[in-house]
Amino acid sequence: VIAVIDSGVDRTNPYLSGRVAYEACYSTTSPTSGSAGQCPNGTNVQYGTGASKPCTYSYDCAHGTHVAHTAAGMYGVARGASIAGVNASHYAVDKDGAFPSFYSSDLTWALKYVYDLRVTHGVKVAAVNLSVGGGLFNGYCDGGWNDGTAAPLLVGQWLDAVRSAGIAP
């Protein structure tokens, strides 16, 4: 299994047909969204089929599906692998419009989910892809936010945990 933590993975994409085996969503309600929860079922946390459905408010919402296809899709690098899709995004707005954004708390829960797949489902997770960005970091992912807080420390600790469990981040 290759885990993809991003803006969601579209299990109905023809290039991913039958490859999305596990799904989760962690999407803390954003103050700018005005919604109660941004997972497909309207809550902040969801598991099971359809949970990693991509967001729909921006062209960037397709990024997770693109990454999943590159990793394990029909023409992907590891075509024989299954996918664990995790949507860890929430709705954010700036001067250019709506886009998926990521809270460190949602990324932390997503990494814990990938780590726990080994035990809860007996899954051999080979790798986890976390290619989210946006310029909030002024150093390594466990170095701190631009405002000097230590919010990303848990993300760094969970990256260490998955690595120690034999999962390549």
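All figures in this text were calculated on a predicted structure; none of them were measured in a lab.

Criteria and thresholds
- Residues numbered from 1 in each chain as written.
- Predicted model: local features only at pLDDT ≥ 70, side-chain atom pairs only at ≥ 80, totals over all residues.
- Heavy atoms only, no water.
- Disulfide = S-S within 2.5 Å.
- Helix = DSSP H or I, 4+ residues; strand = E, 2+ residues; numbered from the N terminus.
- Buried < 20%, exposed > 50% of the residue type's maximum accessible area, 1.4 Å probe, protein only.
- Phe/Tyr/Trp six-rings, centres within 6.5 Å; stacked < 30°, edge-to-face > 60°.
- Lys NZ or Arg CZ within 6 Å of the ring centre and 35° of its normal.
- Pairing = 2+ DSSP bridges.
- Axes fitted to C-alpha atoms, helices over the stretch in contact; angles between N-to-C directions.
- pLDDT = per-residue confidence, 0-100.
- Contact = heavy atoms within 4.5 Å.
- 1 Å grid on protein atoms, 1.4 Å probe; cavity = no way out; pocket = protein on both sides within 12 Å on 5 of 7 lines; lining within 4 Å.
- Points joined across faces, edges and corners; volume = space filled by probe spheres on them.
- Salt bridge = Lys/Arg side-chain N within 4 Å of Asp/Glu carboxyl O.

S.K.: Where do I start with the state of the cysteines in this structure?
M.R.: Think of a disulfide as a covalent bridge from one cysteine sulfur atom to another cysteine sulfur atom. Following the criterion strictly, the structure yields two disulfides and no others. Residue pairing for Cys 25: its cysteine sulfur links by disulfide to Cys 39, the two sulfurs lying 2.2 Å apart. Residues Cys 25 and Cys 39 are joined through a disulfide that is left-handed, its torsion about the S-S bond being -90°. Taken together, the positions of Cys 25 in strand β2 (residues 20–26) and Cys 39 in the loop between β2 and β3 (45–47) put the pair 14 residues apart, joining distant regions of the chain. Each of the two residues, Cys 25 as well as Cys 39, counts as buried. Two residues, Cys 55 and Cys 61, share a disulfide whose sulfurs are 1.9 Å apart. Torsion about the S-S bond of the Cys 55 and Cys 61 cystine: about -110°, corresponding to left-handed handedness. On the accessibility criterion, Cys 61 (3% relative accessible area) is buried. What links to what in the chain: the bonded cysteines, counted in sequence order, pair as 1-2, 3-4.

S.K.: Whenever I open this one, the packing of aromatic side chains confuses me. Can you help?
M.R.: What characterises a pair of aromatic rings is the spacing of the ring centres plus the angle enclosed by the ring planes. Taken as a whole, this structure holds five aromatic pairs when the rule is applied. Ring centres of Tyr 26 and Tyr 47 lie 5.8 Å apart, and the angle between their planes is 80°; on these two criteria the pair is classed as edge-to-face. Placement of Tyr 26 in strand β2 and of Tyr 47 in strand β3 is noted, with a sequence separation of 21 residues between them. Relative accessible area serves as the criterion here: at 3%, Tyr 26 is assigned to the buried category. Across the ring face of Tyr 115, the terminal group of Arg 118 is positioned such that the distance to the ring centre comes to 4.2 Å.

S.K.: How do you make sense of the sheet that holds strand β7 (residues 127–129) when you look at a structure like this?
M.R.: Strand order in the open sheet formed by five strands is β3-β2-β4-β1-β7, and the pairing between neighbours is mixed. On the outer flanks of this sheet lie β3 and β7, each paired with one strand and no other. Averaged over all adjacent pairs, the angle separating strand axes in this sheet is 15°, with direction ignored. One ladder, built from three bridges, connects β2 with β3; its direction is antiparallel. Bridge pairing in β3 places Tyr 26 opposite Val 45.

S.K.: Help me understand the confidence of the model for the chain in this model?
M.R.: Low pLDDT means the predicted coordinates in that region are not meant to be read closely. Chain-level statistics for the chain give a pLDDT mean of 83 and a share of 83% at 70 or above. Here residues 143–150 is modelled with pLDDT under 50, and outside its nearest four sequence neighbours on either side it reaches 14 contacts, counting other chains as well.

S.K.: Explain the layout of surface pockets here, please?
M.R.: To find leftover empty space, a probe the size of one water molecule is rolled over the atoms. Estimates place the volume of the second largest pocket at around 160 Å³. As for the second largest pocket, its lining consists of Gln 38, Cys 39, Pro 40, Lys 53, Pro 54, Cys 55, Thr 56, Tyr 57, Asn 87, Ser 89 and His 90.

S.K.: Teacher, can you tell me more about the pattern of salt bridges here?
M.R.: Should their charged atoms come close, side chains of opposite charge can pair. Within this structure, the stated rule accounts for three salt bridges. One salt bridge connects Lys 112 with Asp 116, and the closest N-O pair in it is separated by 2.4 Å. In this pair, Lys 112 and Asp 116 both sit in helix α2 (residues 104–120), four residues apart, roughly one turn of the helix. Take Lys 112: its relative accessible area is 28%, and that puts it in the partly exposed class.

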